[in-house]
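Residues per chain are reported as follows:
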Amino acid sequence: MSVLTYPEAVGVGLLQGVTELFPVSSLGHSILIPALLGGHWKHDLDVSADGSLYLNELVGLHLATALALVAYFWRDWVRVVRGLATSITQRRIQTVDQRLAWLIVTACVPVAVAGVALDKVFRTTLGRPVPTAIFLALNGIVLFVTEQLRRGGTGRRRAGAAATAQEEQLTPEELSDQRITGMSMRQAMVIGAAQILALLPGISRSGSTISAGIFRGLNHEDSARFAFLLATPVIGGAALLKLPPLLGAQGNGLRGPLLAGSVAAFVAAYFATRYLVRYFENRTLIPFAVYCSVAGLGSLAYFAIG
């Protein structure tokens, strides 16, 4: 069984914290970069190796990423949790907060079921450098196609200058929630189901969800916001499921590095979220599409030659 060293843990934590939220696939990078570096990195950080806890460690780091999302969106989560609680007690879905809460719950169901049923097949069997490189290139193509279709007429424009007096009293986040809650529960489920693709190493969770949101009529800003809200319970729940082996005898020698990596992942994820929220106010997925395509095809060529 490989043991994650402190430098490896911090490096992987920083990498995971950024790439989980950028639409470039954290799992894909966590597989490809060690394989490209070679040496002890390739040996220690191999999700497909027999007896390796690297996948558990990776998913464990997701808990720090989920906590970073909660820290950034804490005001929103207070409203969402309150909306869910009042909806249950009052037996109605009437306010924006109540509807947003149930949209999130509904959207998380498909990936929760698929994650439990297909986790081993998607992550371990396909968690090798060559298929990962192929999926990363495909991720870039999906992002590029999304932008081309959006320019052809898909996606709503942001609210114009003629806002009502009531809207002028709302925060940008509350206005975004109003637009998001214009979706049906079925549309939310479709967007949430897009996260299933992220079980394929190289396919980005945020990229898939943002693309699905744009296809369902949201703009970049609202799609990214909904994607980050959806990611919080999904990656947090997955992390909690993977942590028990690390807390037992199997985790001896790993808990210290995992804690160091978690701190690094939290900091990286928080600032990545802060950057991306501003980025998607007026920018597109094209730079990420180009990066994923080039990195995926370049990695594929490297492994083919090697």
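Before reading further, recall that the structure is shown in the block above.
Remember, it's a predicted structure, so these values are computed and weren't measured experimentally.

Considering the overall build of the protein chain
Along the protein chain, the regular secondary structure elements total 14 helices and 0 strands. Along the chain direction, N to C, the helices and strands of the protein chain fall in the order α-α-α-α-α-α-α-α-α-α-α-α-α-α. Here the protein chain holds 306 residues, and 51% of them are scored as buried. In the structure as shown, the protein chain presents an accessible area of about 14,000 Å², 65% of it carried by carbon and sulfur atoms.

Some thoughts on the packing of helix H7 (residues 129–151) against helix H14 (residues 286–305)
Between H7 and H14, the shortest axis-to-axis distance is 7 Å and the interhelical angle comes to 155°. By the criterion of interaxial angle, the relationship of H7 to H14 is roughly antiparallel. Where H7 crosses over H14, the handedness of that crossing is left-handed. Taken together, the residues that form the contact of H7 with H14 break down as 17 nonpolar, 6 polar and 2 charged.

Concerning the side chain of Ser-87
Take Ser-87: it is sitting in helix H5 (residues 74–90). When its relative accessible area of 5% is taken as the criterion, Ser-87 is described as buried. Apart from the residues lying within four places of it in its own chain, the contact partners of Ser-87 are Arg-92, Ile-93, Gln-98 and Trp-102.

A closer look at H7
Taking 1.5 Å per residue as the helical rise, H7 with its 23 residues ought to reach 33 Å, and the 33 Å between its terminal C-alpha atoms agrees with that figure. Among the residues of H7, Thr-132, Ala-133, Phe-135, Leu-136, Ala-137, Asn-139, Gly-140, Leu-143, Thr-146 and Glu-147 are the ones counted as buried.

Some points on the packing of aromatic side chains
In the structure shown here, the tally under the stated rule is 11 aromatic pairs. For the pair Phe-22 and Tyr-275, a centre-to-centre distance of 5.9 Å together with 5° between the ring planes defines the contact as stacked. One end of the pair, Phe-22, is in the loop between helix H1 (6–19) and helix H2 (26–37); the other, Tyr-275, is in helix H13 (residues 255–279), and 253 residues separate them in sequence. Of the residues examined, Phe-22 reaches a relative accessible area of 17% and is grouped as buried. Between the aromatic rings of Phe-280 and Phe-288, the centroid separation amounts to 6.3 Å while the plane-to-plane angle is 40°, which identifies the pairing as tilted. The residues Phe-280 and Phe-288 share a single accessibility class, namely buried. Joined through ring pairs, the aromatic side chains of Phe-22, Tyr-275, Tyr-279, Phe-280 and Phe-288 make up one cluster.

Basis of the calculations
- Residues numbered from 1 in each chain as written.
- Predicted model: local features only at pLDDT ≥ 70, side-chain atom pairs only at ≥ 80, totals over all residues.
- Heavy atoms only, no water.
- Helix = DSSP H or I, 4+ residues; strand = E, 2+ residues; numbered from the N terminus.
- Buried < 20%, exposed > 50% of the residue type's maximum accessible area, 1.4 Å probe, protein only.
- Areas by Shrake-Rupley, 256 points an atom, 1.4 Å probe, with all protein chains shown as cover.
- Axes fitted to C-alpha atoms, helices over the stretch in contact; angles between N-to-C directions.
- Parallel < 35°, antiparallel > 145°, perpendicular 65-115°, else oblique.
- Left-handed = near helix turned anticlockwise from the far one by under 90°.
- Nonpolar A, V, L, I, M, F, W, Y, C, P; charged D, E, K, R; others polar.
- Contact = heavy atoms within 4.5 Å.
- Expected span 1.5 Å × (residues − 1).
- Phe/Tyr/Trp six-rings, centres within 6.5 Å; stacked < 30°, edge-to-face > 60°.

These values are about where atoms sit, not about what they do.
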